[in-house]
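# Understanding the architecture of this molecule
Residue strings, one per chain:
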Amino acid sequence: MENRTAREYYENYLKTTHRLGRILTASVLILLLAAPYVIGIYLKAMPNIPAVLKAFLGVGIVYLVSGIVEYLIYVPMLGAGGSYLAFITGNLINMKIPCAINARDIVGVKSGTPENEIIATLSIATSSLVTIIVLALGVLLMIPLQPVLQSPALQPAFENVVPALFGAMACKYYRADRKAALIVLTVMTLLFVFVPSLIGSTSMMVIPSGALAIGLSYLSFRKKQKTSEGGNEA
Amino acid sequence: MELLAELNSPVMYLICGGIILFVSVICIVFAVRAYRAGRQLGIDESKMKRVITASTTFAVLPSIGILLGVIALSGSLGTPWPWLRLSVIGALHYETQVAEAASEAAGIGGLSIANMTPEAFATIAFLMSLCIMWGMVLVIFNGEAYSRRLVSPSHPEKGGKKKKSGMSGFGDTAMTAMFIGLVSAYIASYIGTIVSGNGMFSFQGSWLPLAVAVTSAAAMGVFIYIKNRTGADWVDSFSVAGSMLTAMAAAIFFGRLIG
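Being a predicted model, the structure only gives us computed values, none of them experimental. All chains use their own residue numbering, which begins from 1 and follows the written sequence. In the order they appear in the text, chains get letters beginning with A and ligands get numbers beginning with 1. At least 70 in pLDDT is required for a residue's local features to be given in this predicted model, at least 80 for side-chain atom pairs to be given and counted, and no such filter applies to totals for whole chains, interfaces and linings, which use all residues. Water and hydrogen atoms were dropped before computing side-chain values, which therefore reflect all heavy atoms in the structure.

### So, the overall build of chain B
Rule in force here: Put simply, DSSP H or I for four residues or longer makes a helix, DSSP E for two residues or longer makes a strand, and each gets a number counted from the N terminus. To sort residues, take the accessible area from a 1.4 Å probe on protein chains only and compare it with the maximum for the residue type: under 20% means buried, over 50% means exposed, and anything in between is partly exposed. We call two residues contacting when some pair of their heavy atoms lies within 4.5 Å. Every accessible area reported is derived by Shrake-Rupley at a probe size of 1.4 Å, with residue values counting cover from the shown protein chains alone.
Scanning chain B for helices and strands turns up 10 helices and zero strands. The helix and strand sequence of chain B, counted from the amino end, reads α-α-α-α-α-α-α-α-α-α. Residue burial in chain B is summarised as follows: out of 259 residues, 57% are buried. Residue pairs in contact within chain B that sit at least 24 positions apart in sequence constitute 57% of those at least 6 positions apart. Just so you have it, chain B exposes about 10600 Å², and 64% of that area is on carbon and sulfur atoms.

### Some details on the domain arrangement of chain B
Residues and elements named next belong to chain B. Definition in use: Bear in mind that the domain bounds are from an automatic or database domain assignment. The buried area of a pairing is the accessible area, by a 1.4 Å probe, that goes missing from both parts when the two are put together, added over both. For this analysis, a salt bridge means a side-chain nitrogen from Lys or Arg found within 4 Å of a carboxyl oxygen belonging to Asp or Glu. Whenever a nitrogen or oxygen atom comes within 3.5 Å of another N or O atom, the pair is scored as a polar contact, on the condition that within protein one atom can donate a hydrogen and the other can accept it, and that pairs from neighbouring residues in sequence are kept only if both atoms are in side chains.
Taken domain by domain, chain B holds domain 1 (2-135) and domain 2 (172-258). Taking the mean C-alpha position of each, domain 1 and domain 2 sit 26 Å from one another. Contacts between the two partners involve seven residues from domain 1 and, on the opposite side, nine residues from domain 2. Between domain 1 and domain 2 the total buried area reaches about 730 Å² when both faces are included, carbon and sulfur atoms providing 72% of it. Counting the surface domain 1 buries against domain 2, the share from its top three residues, Arg50, Thr57 and Leu61, is 64%. Counting across the domain 1 and domain 2 interface gives zero salt bridges. Remark: the boundary between domain 1 and domain 2 carries zero residue pairs in polar contact (both at pLDDT 80 or more).

### Comments concerning the packing of helix α7 (residues 161-174) of chain A against helix α9 (residues 208-230) of chain B
Stated formally: Note on definitions: angles span 0 to 180 degrees between N-to-C directions of axes, and those axes are lines fitted to C-alpha atoms, for helices only across the stretch in contact. In what follows, roughly perpendicular refers to angles from 65 to 115 degrees, roughly parallel to angles under 35, roughly antiparallel to angles over 145, and oblique to any angle outside these ranges. Throughout, a crossing is termed right-handed when the near helix is turned clockwise from the far one, and left-handed when it is turned anticlockwise from it by less than a right angle. Each residue gets one label: Ala, Val, Leu, Ile, Met, Phe, Trp, Tyr, Cys and Pro are nonpolar, Asp, Glu, Lys and Arg are charged, and the others, such as Gly, are polar.
At a minimum axis distance of 7 Å, the contact between α7(A) and α9(B) shows a crossing angle of 45°. Classified by the interaxial angle, the pair formed by α7(A) and α9(B) is oblique. Note that α7(A) runs across α9(B); the crossing there is right-handed. Between α7(A) and α9(B), the contacting residues are Pro163(A), Ala164(A), Gly167(A), Ala168(A), Cys171(A) and Lys172(A) on the first element and Pro209(B), Val212(B), Ala213(B), Ser216(B), Ala217(B), Met220(B), Gly221(B) and Ile224(B) on the second. Among the residues forming the contact of α7(A) with α9(B), the class breakdown is 10 nonpolar, three polar and one charged.

### A word on the interface of chain A and chain B
Contact residues are listed per partner, giving 151 residues for chain A and 156 residues for chain B. Around 14100 Å² of area is buried between chain A and chain B when both sides are counted, 78% of it from carbon and sulfur atoms. Scanning the region where chain A abuts chain B turns up one salt bridge. A salt bridge links Arg22(A) to Glu144(B); the shortest N-O distance between them is 2.8 Å. At the surface where chain A touches chain B, the tally comes to 22 residue pairs in polar contact (both at pLDDT 80 or more). The element contributing the most residues to the side of chain A that touches chain B is helix α1 (residues 3-43) of chain A, with 30 residues.

### Concerning the packing of aromatic side chains
Counted only if it meets this: Any two rings among Phe, Tyr and Trp, with Trp reduced to its six-membered ring, count as a pair given centres within 6.5 Å; such a pair is stacked if its planes are under 30 degrees apart, edge-to-face if over 60, and tilted if neither.
Evaluation of the coordinates by the stated rule reveals 12 aromatic pairs over all chains. Arranged with centres 5.3 Å apart and planes meeting at 35°, the rings of Tyr71(A) and Tyr146(B) form a pair that is tilted. Of this pair, Tyr71(A) sits in helix α2 (residues 49-89) while Tyr146(B) sits in helix α7 (residues 134-149), which puts the two residues in different chains. Judged by relative accessible area, Tyr71(A) falls into the buried class, the value being 2%. Given the relative accessible area of 12%, Tyr146(B) is considered buried. Between the aromatic rings of Phe253(B) and Phe254(B), the centroid separation amounts to 6.0 Å while the plane-to-plane angle is 55°, which identifies the pairing as tilted.

So, in structure tokens, the structure goes:
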């Protein structure tokens, strides 16, 4: 396909992805908000709105802030199609984001390119379907599988899925910028050691940790850029 | 217990299963569109197939972890509702916390089937939907405008001119840095747990998460070494899942050591 035609095709693809994404995301949102009321009709009891508001002021505000931050950070990584899918299917930090980045690294594509858009969408869609299938099979087999999955011997394995994931990812990404990794890890460790109450809010601590890592990377990026500009001028 | 039977009834499976089915169709539609577009744009099909294989292997283990979350919540909320929440939009970390807060606000003390009432269940279910919908709301109203503002090097007319210098090329570095930040926050929290988790500088906290993370990192190091030595690209498809599996198996061993 010629460059111009490919560009037009991609622009059209993006346009329809956004239109489709908006319609389908809104449909899922309506279904999710309506489901408690439909269940309420079945159970003959409706949600207690004052209680919902009270609990929302307690925990909901935190998720409102983290939802906005996640949106701002992850949309650039996931592209258009990947973003709609990821926000519909959830489990962003523990699966969708690492999965999309892993896929992107495997085939070596750059952020913001058409290749990244396609690869991220394929990766998020595949991982979401795998989760849906595993959960559906699990629910189907829940009764016979429950004793095996809940056996005390296996609990340490399943309780540590997230550390297992982050260990592997650390090995992969720390190699890209060892200095920044060491500084960020040290600063965050000191924070958690001296303010242990923060351990319960680790997902929120990703924000300052990420900001520090980006700041350090930017400084090193600018330094490299200046050096290469100096080299070119010379 | 009568309520638990109602929460596990076929009607509940129908309501929750219907929504999950709808989301599955959405995933398939997006995947097929992306694959076709990739072909049209000249992306190597073998690359796209590798992405599908890698994402499948990558997702299996975390999915089993999520399934365990469904099992954990099924005792107090029945099976269909946690199944829906964790298949769609939800995240294991969030759901329990939100359900617990809603239980307290609904006046049943804590999340337990013993005190659960139909009204408390409907309240919990609604709050769970309400609390974690913001990403969806933002992507509906602002997704297109926000993602179009992001620069595409392949599309200079979309903003490449003003990014000619300074920030150009920083996008990928920033993404890697963000990931370093994410991983560091969690690994640092594991170290913090050991040192101060059970009292400042008590060194009484669980070392299991850190030991698992280190084992996984070591396994990943072996995969990277094999790939670099042999040049076998297929190793990439299984490296993360393989490292996780190794570390999770080690966790069983470490768990026995702790006793």
